[in-house]
Number of protein chains: 4
Amino acid sequence: MSPRTREQFQAMRARTRAKILDRSLELFATKGFHDTSIQMIAQAAGISKGLIYSHFKSKDELLEAIIRQGFEIMERETSGSADPDPASYLANLIDDYYTMLLKHETFWQLYMGLMFQPGIVLRYKETMMKYYERMLSRYARIFRSLGIKNAMLEARLLGAIFDGIAMNYFFDRKHYPLKRLKKILLRRYLPDR
Amino acid sequence: MSPRTREQFQAMRARTRAKILDRSLELFATKGFHDTSIQMIAQAAGISKGLIYSHFKSKDELLEAIIRQGFEIMERETSGSADPDPASYLANLIDDYYTMLLKHETFWQLYMGLMFQPGIVLRYKETMMKYYERMLSRYARIFRSLGIKNAMLEARLLGAIFDGIAMNYFFDRKHYPLKRLKKILLRRYLPDR
Amino acid sequence: MSPRTREQFQAMRARTRAKILDRSLELFATKGFHDTSIQMIAQAAGISKGLIYSHFKSKDELLEAIIRQGFEIMERETSGSADPDPASYLANLIDDYYTMLLKHETFWQLYMGLMFQPGIVLRYKETMMKYYERMLSRYARIFRSLGIKNAMLEARLLGAIFDGIAMNYFFDRKHYPLKRLKKILLRRYLPDR
Amino acid sequence: MSPRTREQFQAMRARTRAKILDRSLELFATKGFHDTSIQMIAQAAGISKGLIYSHFKSKDELLEAIIRQGFEIMERETSGSADPDPASYLANLIDDYYTMLLKHETFWQLYMGLMFQPGIVLRYKETMMKYYERMLSRYARIFRSLGIKNAMLEARLLGAIFDGIAMNYFFDRKHYPLKRLKKILLRRYLPDR
DNA sequence: AATGAATGAGTATTCATTCAT
DNA sequence: CATGAATGAATACTCATTCAT
């Protein structure tokens, strides 16, 4: 019955918050934002509805927190991987993308789903765009260093390819030939390897 | 004062039905299925809520009708365009895609949005898949006739590219360089032209 | 193309009216008043919704017409059967009741159902009561002429027996031993026959 | 400021649930199932519409709960009353019936009303039948032990009498000579007392 | 007279959010 | 801090009734 220290409290809160974020991400991604009720999240997280509201002001803010967190993780993980050889860069890029897609499948799925729900997207559009643009710039830089013309356009195309693959993959995860497409992609962008 | 003829009634119904389909497609696409209420559709169509239900048994069936209609139009318009020269085929393919995308923008946007709403997608997955597969087969046939190996995989890649482009386009219609991407695409797939 | 005479028109109207009454009685009795829509009646009668309203001001008035008609028929058919021998009277009474029950089964069922729908009953209570009381008086008269004391109470009991039997019969028409109960009844009220 | 204990929550729920059951029974019985809206029940119970749905999944389930509860009470209260003398049994039976009728008037009225609403009855028919049959068996046993032939048929007749009396009583509660009918009934079934 | 398209008030139901304890 | 009872606004859907032709 010794009173918990401030640290213990904070750790607990952090754990609860993480659990909420975790569970809602999963539910939002697999069932959709509208078809996931606060009640369901609470149940999945093993806590009460009220407690969710002590962490997030509203369902919308919870969603926002998930998105923000997702982007942060994504960015943190992508920013590394310097490589002197531009061609490897490109291979890394493609590798990275696939790694990310599979590692953060759930977030990715949620994120793409949101892109098409205009009512929701509006609120996060800017955040999403910033992230996306940063990514494109990275692609473009590599293309440019490889002497490719229209580097930004090429970056856009690569981005579109990635998005399209992800989209199709999520639509029919079980049967989509993700790996074989990766091979084709590598062959196309790095023919001389 | 003589009663309306059967034809008159049918014409009235057809007109109303078209208006409903039209308006809901637009609203579903721009605001999302969940965020569009029957009330809103009624208002947009200038009719009463009840009348919608005299045409469609439920909101779900209305959506289904929209999807079905969309696919039908799409298919009807794509099925033509025979061309003796396979290379032209490919150019046509890309042309066609862009034409379709712009002509039926709204439906396209709805369709993509639905792909990520698991609760909804389930009901129409099969319909969507059939359509998509038919499209891929067409692509593959062309690749095959051009002597390209892995024709089906290449078809999948092209499909992904198209989807990715559409997705990005819808996310930021105003600034997306749709036309320039088309050029890049044509150059890539038909380098010797 | 010769114009129909006034008589022909009236005959047609009467026929339509009869069909409406007939069909609604059946539907109200078997599905319940609330669970029968005007649309269903129109369909069952092979006419349009509007036409029903040209015969009856409202669904309620249609019900009222059915009830009124039912009572009229009932009364007309019961009023006859004079019999010099009081004991035969009693047998007749029981016979009559069973005959009526089976002949106008549908109306009977509707009528009993309405007795317990307070919202509806209120409007027809008086009509129903008058009819019922007249019936009871007839019973009482017979009991009195047979020298039975408490004739009115006995009439009430007989009435209750009739109602109870009908009720149970309607609840499980297929298995209810209607005929055997009649025998028991006759034996009880006319032991020396 | 300490959170409510599980017991406190349970007590709250139980109180609310009882209030809902209580009020709906009354309203369903006096106004009919269809003519009682959830809104009315909420108002009568002094709670919000939503709260009703946290206790019962639907209006139908609420009705079912009422019926189930009614039968349970009925059965619990009837099951007692052993008596060595069969004749007393019979008197008890009649007594019991009248006691029940008056004690649970409202439920009785609801129950009878439902018997004639085909759409509703279907769902509960079996439950109702089971209860009714158990009751009839009890009656039959007594008749048999009194050496009466056709015991089951006699039971059915008694059942019908009870139902008929109840029905008439509910139709015109104020003026129906319930007590005097009881006397007549007792005299008829127990003439030598 | 006859049709059925059109209306809109009414109803069950859901769910994010609040709040007393 | 934590709970879940309670609220009420929002939403899909039904159906009696009206009315133009």
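Keep in mind it's a predicted model, so treat the numbers as computed, not measured.

J.: Lay out the overall build of chain A with the relevant residues and their values.
T.: For chain A, the count of helices and strands is nine helices and zero strands. Along the chain direction, N to C, the helices and strands of chain A fall in the order α-α-α-α-α-α-α-α-α. In terms of overall dimensions, chain A has C-alpha extents of about 70 × 35 × 30 Å along its principal axes. Across the 193 residues in chain A, those meeting the buried criterion constitute 48%.

J.: Account for the relation of the copies chain B and chain A, with residues named and values stated.
T.: With an RMSD of 0.3 Å, the fit of chain B onto chain A corresponds to turning through 179° and sliding 0.1 Å along the axis. The symmetry that links the two subunits is that of a two-fold axis. Residue G164 of chain B of chain B places its C-alpha closer to the rotation axis than any other residue of that unit, at 1.9 Å. Both copies contact each other with a shared surface, as 100% of the interface residues of chain B are interface residues in chain A too.

J.: Describe the interface of chain D and chain C, with residues and values.
T.: Taken together, the contacts link 44 residues of chain D with 44 residues of chain C. Buried area between chain D and chain C, both sides added, is near 4,000 Å², and the carbon and sulfur share of it is 70%. Looking only at chain D, the three residues that lose the most surface to chain C are F116, M167 and F171 of chain D, adding up to 20% of its buried area. Counting across the chain D and chain C interface gives two salt bridges. Ionic pairing is found between E154 of chain C and R188 of chain D, a salt bridge with its closest N-O pair at 2.7 Å. Run the count over chain D and chain C and you get eleven residue pairs in polar contact (both at pLDDT 80 or more). When contributions to the side of chain D that touches chain C are tallied by element, the ones reaching two or more residues are α1 (6-31), α6 (105-115), α7 (118-145), α8 (151-171) and α9 (178-189) of chain D. With 14 residues, α8 of chain D is the single largest residue contributor to the side of chain D that touches chain C.

J.: Got a sec to walk through the domain arrangement of chain A? Specific residues and values, please.
T.: Residues and elements named next belong to chain A. When the domains of chain A are assigned, the result is domain 1 (1-56) and domain 2 (58-189). Its C-alpha centre places domain 1 at a distance of 28 Å from the equivalent point of domain 2. Listed by partner, the interface residues are 15 residues for domain 1 and 15 residues for domain 2. Summing the contributions of domain 1 and of domain 2, the shared interface buries around 1,400 Å²; its carbon and sulfur component is 78%. The tally of links from domain 1 across to domain 2 stands at zero salt bridges. At the boundary of domain 1 with domain 2, the tally comes to three residue pairs in polar contact (both at pLDDT 80 or more). Secondary-structure elements contributing two or more residues to the side of domain 1 that touches domain 2 are α1 (6-31) and α2 (38-45). For the side of domain 1 that touches domain 2, the element with the most residues is α1, which contributes eight residues. For the side of domain 1 that touches domain 2, the per-class residue count stands at ten nonpolar, three polar and two charged.

J.: Help me get a handle on the pattern of salt bridges, residues and values and all.
T.: Residues and elements named next belong to chain D. Here the structure, examined in full by the defined rule, presents 34 salt bridges over all chains. The residue E77 makes a salt bridge to K103 at a minimum N-O spacing of 3.0 Å. With E77 in helix α4 (residues 59-78) and K103 in helix α5 (residues 86-103), this residue pair connects regions lying 26 residues apart in the sequence. Judged by its relative accessible area of 54%, K103 falls in the exposed class.

J.: So what's going on with the arrangement of the chains? Which residues, and what values?
T.: The two partners chain B and chain C share no contact, and the minimum distance between any of their C-alpha atoms is 12 Å. With no contact between them, chain A and chain D keep their nearest C-alpha atoms 12 Å apart.

J.: An account of a positive patch on the surface is needed here, citing residue identities and associated values.
T.: Positive charge collects at one region of the surface, where K149 of chain A together with R180, K183 and R187 of chain B lie side by side. Examined against the element boundaries, K149 of chain A turns out to sit in the loop between α7 (118-145) and α8 (151-171). Accessibility expressed as a relative area gives 69% for K149 of chain A, which makes it exposed.

J.: Describe the protein's contact with DNA strand F, with residues and values.
T.: In the vicinity of DNA strand F there are 36 residues, among which R13 of chain A, Y53 and K59 of chain B together with R13 and S48 of chain D approach most closely. Atoms of DNA strand F within 4 Å of the protein: sugar and phosphate make up 63%, bases the balance. One of the side-chain N or O atoms of S48 of chain A is found 3.2 Å from a phosphate oxygen in DNA strand F. Within the residue set of the surface near DNA strand F, elements represented by two or more residues are α1 and α3 (49-55) of chain A, α3 (49-55) of chain B, α3 (49-55) of chain C together with α1 and α3 (49-53) of chain D.

J.: Provide a residue-level description of helix α9 (residues 178-189) of chain A, including the pertinent values.
T.: All names here are of chain A. Between its terminal C-alpha atoms α9 stretches 17 Å, which fits the 16 Å expected from twelve residues at 1.5 Å a residue. All of the buried residues in α9 are L178, L181, I184, L185 and Y189. Down the axis of α9, the buried side of the element spans an arc of 120°, and every buried residue falls inside it. Opposite the buried face of α9, at more than 90 degrees from it, the exposed residues are K179 and K183.

J.: So what about the environment of I148 of chain C? Which residues, and what values?
T.: Residues and elements named next belong to chain C. Within the element layout of this structure, I148 appears in the loop between α7 (118-145) and α8 (151-171). In this structure, the C-alpha to C-alpha distance between I148 and D163, residues 15 residues apart in sequence, is 22 Å. If we ignore the near neighbours within four places in the chain, the residues touching I148 are F143 and E154.

J.: Kindly report on the relation of the copies chain D and chain C, identifying the contributing residues and their values.
T.: The transform that puts chain D on chain C rotates by 179° and translates by 0.1 Å along the axis, for an RMSD of 0.3 Å. Most of the interface of chain D is mirrored in chain C, where 100% of its interface residues are also at the interface.

J.: Tell me about the packing of helix α4 (residues 59-78) of chain B against helix α6 (residues 105-115) of chain B, residues and numbers included.
T.: Residues and elements named next belong to chain B. At a minimum axis distance of 11 Å, the contact between α4 and α6 shows a crossing angle of 120°. With respect to each other, α4 and α6 are oriented oblique. Crossing of α4 against α6: the hand is left-handed. In this structure, α4 contributes L63, I66, I67, G70, F71 and M74 to the contact, and α6 contributes F107, W108, L110, Y111 and L114.

J.: Can you break down the interface of chain B and chain A residue by residue, with the values?
T.: How big an interface is tends to be expressed through the accessible area that disappears when the partners come together. If you look at the interface, chain B gives 44 residues, while chain A gives 44 residues. Regarding the contact of chain B and chain A, the summed buried area is about 4,000 Å², with carbon and sulfur atoms giving 70% of it. It is F116, M167 and F171 of chain B in chain B that bury the most area against chain A; as a group they hold 20% of the surface buried on that side. At the surface where chain B touches chain A, the tally comes to eleven residue pairs in polar contact (both at pLDDT 80 or more). Looking at the side of chain B that touches chain A, the elements with two or more residues in it are α1 (6-31), α6, α7 (118-145), α8 (151-171) and α9 (178-189) of chain B.

J.: Please provide a residue-by-residue account of the packing of aromatic side chains, values included.
T.: Here the structure, examined in full by the defined rule, presents 48 aromatic pairs over all chains. Note on W108 of chain C and Y111 of chain C: the rings are 5.6 Å apart at their centroids and 50° apart in plane angle, and the pair reads as tilted. Note that W108 of chain C and Y111 of chain C are positioned in helix α6 (residues 105-115) at a spacing of three residues, about one turn of the helix. The exposure class of Y111 of chain C is buried, given its relative accessible area of 6%. Between the aromatic rings of F71 of chain D and Y111 of chain D, the centroid separation amounts to 5.6 Å while the plane-to-plane angle is 80°, which identifies the pairing as edge-to-face. Of this pair, F71 of chain D sits in helix α4 while Y111 of chain D sits in helix α6, and the two are 40 residues apart along the sequence. Here a set of aromatic residues connected by ring pairs shows up, and it is made of F71, Y97, Y98, F107, W108, Y111, Y131, Y139 and F162 of chain A. Positioned above the aromatic ring of F171 of chain A, the side-chain terminus of K125 of chain B is 5.3 Å from the ring centre.

Rules behind the numbers
- Residues numbered from 1 in each chain as written.
- Chains lettered and ligands numbered in written order.
- Predicted model: local features only at pLDDT ≥ 70, side-chain atom pairs only at ≥ 80, totals over all residues.
- Heavy atoms only, no water.
- Helix = DSSP H or I, 4+ residues; strand = E, 2+ residues; numbered from the N terminus.
- Buried < 20%, exposed > 50% of the residue type's maximum accessible area, 1.4 Å probe, protein only.
- Least-squares fit on C-alpha atoms with pLDDT ≥ 70 in both.
- Contact = heavy atoms within 4.5 Å.
- Buried area = accessible area lost by both parts, 1.4 Å probe.
- Salt bridge = Lys/Arg side-chain N within 4 Å of Asp/Glu carboxyl O.
- Polar contact = N/O pair within 3.5 Å; in protein donor to acceptor, adjacent residues only side chain to side chain.
- Domains from an automatic or database assignment.
- Nonpolar A, V, L, I, M, F, W, Y, C, P; charged D, E, K, R; others polar.
- Patch = residues over 30% accessible without salt bridge, like charges linked within 9 Å, V, L, I, M, F, W, Y side chains within 5 Å.
- Areas by Shrake-Rupley, 256 points an atom, 1.4 Å probe, with all protein chains shown as cover.
- Lys, Arg positive; Asp, Glu negative; His and termini not counted.
- Charge placed at Lys NZ, Arg CZ, Asp CG, Glu CD.
- Near = heavy atom within 4 Å.
- Expected span 1.5 Å × (residues − 1).
- Arc of directions from axis to C-beta.
- Axes fitted to C-alpha atoms, helices over the stretch in contact; angles between N-to-C directions.
- Parallel < 35°, antiparallel > 145°, perpendicular 65-115°, else oblique.
- Left-handed = near helix turned anticlockwise from the far one by under 90°.
- Phe/Tyr/Trp six-rings, centres within 6.5 Å; stacked < 30°, edge-to-face > 60°.
- Lys NZ or Arg CZ within 6 Å of the ring centre and 35° of its normal.

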